[in-house]
Amino acid sequence: MILFLIYYYMLMGLVGSGLINMIDPMDVEQKIVGFKQNTKKASNMHLIQEYGIKVKKELPLVNAFVCEDNADTAAFHTLAEDEEVEFIEDDYVGTTQALSPTHVDLIQGQQMIPWGVKKIRAHEIWKAFDGEGVRVGVIDTGVDRSHPDLKDNIKDVYGVLDCKNIDDDNGHGTHVSGIIAALNNDIGVVGVAPNAQIYSVKAFDNQGRGRVSDVIEALQWCIDKKVHVVNMSFGFNMQSIALKKAIKAADQNNIVLVAAAGNSGKDNSVMYPAKYPEVIAVAASDKNDNAASFSSSGPEVNIIAPGVDIPSTYIKGSYRSMSGTSMATPHVVGTIALVSSVKKLSAQKVKELILSSAKDIGLPKKTQGQGQLDAYKAVANIRRLYCEQIG
Ligand code: CA
C-alpha cells in the first residue's frame, strides 16, 4: 500500500511537472454533426444524446454540434440516417502555413520598412491612409499583447481552444499581426496598415494546429465583433461541409476573407479555406518576383504577395524573419485595411478592387492568380472609382 502511494505521488508529480503529457487534445477523435435548416437546437442535442454520443460544444453558426468520437462508429452511422441530420464529418486538424523562423538584424532605435511593404508600395500611401478605423480579425495562434511595436493596435483578444488560452505560445500569430499592423514609430518594423485595429482570436495551439470547429468558433467571434476583413494564414487538406458553411456565413456578413494557398509547393494543391470561391487565395513570392518554391498553385489562386524572408514582430517582444503563404496573406489583409480606410465598400467590391489592381508579373495564372498585390494601385483605383471628389 505504501509503495503504491509513493508510486502514485511520483506519477502525479511527473504529470504536474509536465514531464508526462496526459493526452494531446489534437489526438482526440471528434466529429461534427450538422443539422438541416429549421431544426431545433434542443431536440437536435437530445437526438444526439439518445444515441449515447456525448456533445462537447455547439456551433450555432453552422447549426451543428462537436461530439466526442468514442469509437462507437455504429452510433454515428445510425444517427446519420436520421432525417434531421444533414452531415457528419471528422473535426479535421489544420495547420498554420509558415516555415521555421530565422533571426533578423535590426538597428537599435531605428525602424526598418520590410521589403514586402515596399514591394506593394504601401508606405507611399501612409500620409493619407493608414488603415485607421478598420477592424481586422486574425484567426491564428494568438498575439503578444504587450509587444511594444504592436500593442497600441490590438483592440481585442479571444481564445476558442479548450484551454481558453489567448496568449501566443507559438509566435506565428504575432508575426502575422505585425505584417498587418506593426506600429509606425522609431523601432523595429512597420506593418502594411500601421493604424489598423487587430482583433486576435487564438484557434491554433503552440504547434500551429487547430480544428475546423475552432476556426468556426473563431469566425463566429469575428462576425460578432463586426470585423471588416479576416486573416486566415492556415490550411486544411480536407474538404469540410461545416467549414464551407461557416465561410459562407462570414461572407454573407460582408466580411472579406483572405487565406493562405498552402505550402506544399505542388500544382493543384490549394488548401481549404483558400480553395472556396468566397475566399481570396494568396500565393507567395520573393524579392525578385519569383514564386516561392513552397507556394501551392492551382486554379483557385487569386493573387500573389511577398512571402519569403519577411521580418515582423514575434513573441516576447522580439522580431523574427519568416517565410510561407502565411506571410503573404497578411500583406493582402493589410492592403484591404488600407483601401477600407479610404472608403468602406462591400466585401465583394473590395475583393474585385484588390484583384483588379494586381500587377501581372509574368508567372502562370495558377501560380500568380491575377498577379502581384499592389497596395498603391488599389488605393489609387478606389479613389478614382469611388471618391472622385477627393483631390
Ligand atoms: Ca515600428
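Reading guide: rules and limits
Residues numbered from 1 in each chain as written. Predicted model: local features only at pLDDT ≥ 70, side-chain atom pairs only at ≥ 80, totals over all residues. Heavy atoms only, no water. Helix = DSSP H or I, 4+ residues; strand = E, 2+ residues; numbered from the N terminus. Buried < 20%, exposed > 50% of the residue type's maximum accessible area, 1.4 Å probe, protein only. Contact = heavy atoms within 4.5 Å. Areas by Shrake-Rupley, 256 points an atom, 1.4 Å probe, with all protein chains shown as cover. Lys, Arg positive; Asp, Glu negative; His and termini not counted. Charge placed at Lys NZ, Arg CZ, Asp CG, Glu CD. Pairing = 2+ DSSP bridges. pLDDT = per-residue confidence, 0-100. Donors = N, O, S within 2.8 Å, 3.2 Å for Na, K, Ca; no water. Salt bridge = Lys/Arg side-chain N within 4 Å of Asp/Glu carboxyl O. Axes fitted to C-alpha atoms, helices over the stretch in contact; angles between N-to-C directions. Parallel < 35°, antiparallel > 145°, perpendicular 65-115°, else oblique. Left-handed = near helix turned anticlockwise from the far one by under 90°. Nonpolar A, V, L, I, M, F, W, Y, C, P; charged D, E, K, R; others polar.

**Some remarks on the overall build of the chain**
Piece 1. Tallying secondary structure elements over the chain gives 11 helices and 16 strands in all.
Piece 2. Considering only C-alpha atoms, the chain reaches an extent of 75 × 55 × 35 Å along its principal axes.
Piece 3. Going through the 391 residues of the chain one by one, you find that 56% of them count as buried.
Piece 4. Contacts in the chain between residues at least 24 apart in sequence constitute 76% of all its contacts with a sequence separation of at least 6.
Piece 5. Here the chain has roughly 17200 Å² of accessible surface; of this, 50% comes from carbon and sulfur atoms.
Piece 6. Charge centroids of the chain, computed over 39 positive and 45 negative side chains, lie 7 Å from each other.

**A word on the sheet that holds strand β9 (residues 209-211)**
Piece 1. Reading across the sheet, the 3 strands line up as β9-β5-β11 and stay open at both edges, with antiparallel pairing between neighbours. Among the strands making up the open sheet, the edge pair consists of β9 and β11 (234-235).
Piece 2. When strand β5 (residues 93-96) meets β9, the two strands line up antiparallel, connected through 3 bridges. Opposite G94, over in β9, you have G210 as the bridge partner.

**Re the confidence of the model for the chain**
Piece 1. Per-residue confidence for the chain gives a mean pLDDT of 93, with 93% of residues at or over 70.
Piece 2. Segment residues 15-20: pLDDT under 50, and 5 contacts once partners within four positions in sequence are set aside and those in other chains are kept.

**Some thoughts on the coordination of the calcium ion**
Piece 1. Around the calcium ion, the donor atoms from the protein are Q111 (OE1), D149 (OD), D149 (OD), L183 (O), N185 (OD1), I187 (O) and V189 (O), and they sit 2.3 to 2.8 Å away.
Piece 2. Considered as a linear motif, the donors of the calcium ion on their single chain read Q-x37-D-x33-L-x1-N-x1-I-x1-V.

**Some words on the pattern of salt bridges**
Piece 1. On inspection of all chains with the given rule, the structure shows 17 salt bridges.
Piece 2. Here D69 makes a salt bridge to K31, at a shortest N to O gap of 3.0 Å. Taken as a pair, D69 in the loop between β3 (64-68) and α3 (73-81) and K31 in strand β1 (residues 30-35) lie far apart in primary sequence, 38 residues in all. Both residues of the pair, D69 and K31, belong to the buried class.
Piece 3. Across the salt bridge formed by D205 and R209, the nearest N and O atoms sit 2.9 Å from each other.
Piece 4. According to the relative accessible area criterion, R209 is buried, its value standing at 15%.
Piece 5. Each member of the salt-bridge network shares a partner with another, and the members are D24, D205 and R209.

**Comments concerning the pairing of β3**
If a strand is regular, its side chains alternate between the two faces of the sheet.
Piece 1. Of all 5 residues in β3, 4 are buried, a share of seventy percent or more.
Piece 2. Inspection of the sheet shows β1 paired to β3 by 5 bridges, in the antiparallel sense. For Q30, the partnering residue across the bridge sits in β3 and is E68.
Piece 3. Pairing geometry for strand β2 (residues 55-59) and β3, over 4 bridges, is antiparallel. What sits directly across from V55, in β3, is C67.

**Brief notes about the packing of helix α8 (residues 325-340) against helix α9 (residues 347-356)**
Piece 1. Running from N to C, α8 and α9 cross one another at 115°; their axes reach a closest spacing of 11 Å. With respect to α9, the axis of α8 lies roughly perpendicular. Considering only the axes of α8 and α9, their crossing is right-handed. Contacts from V332, T335, I336 and V339 in α8 reach V350, L353 and I354 in α9.
Piece 2. By residue class, the composition of the contact of α8 with α9 is 6 nonpolar, 1 polar and no charged.

**Remarks on the environment of Y158**
Piece 1. Mapped onto the secondary structure, Y158 falls in strand β7 (residues 154-159).
Piece 2. Residues Y158 and Y199 lie 41 residues apart in sequence; the distance between their C-alpha atoms is 8.1 Å.
Piece 3. If near-sequence neighbours (up to four positions away) are discounted, Y158 is found in contact with I166, S200, V201, K202 and W221.

**Quick look at the pairing of β5**
Piece 1. Examined bridge by bridge, β5 and β11 share 2 bridges and lie antiparallel to one another. Each bridged residue has a counterpart across the sheet, and for T95 the counterpart in β11 is G235.

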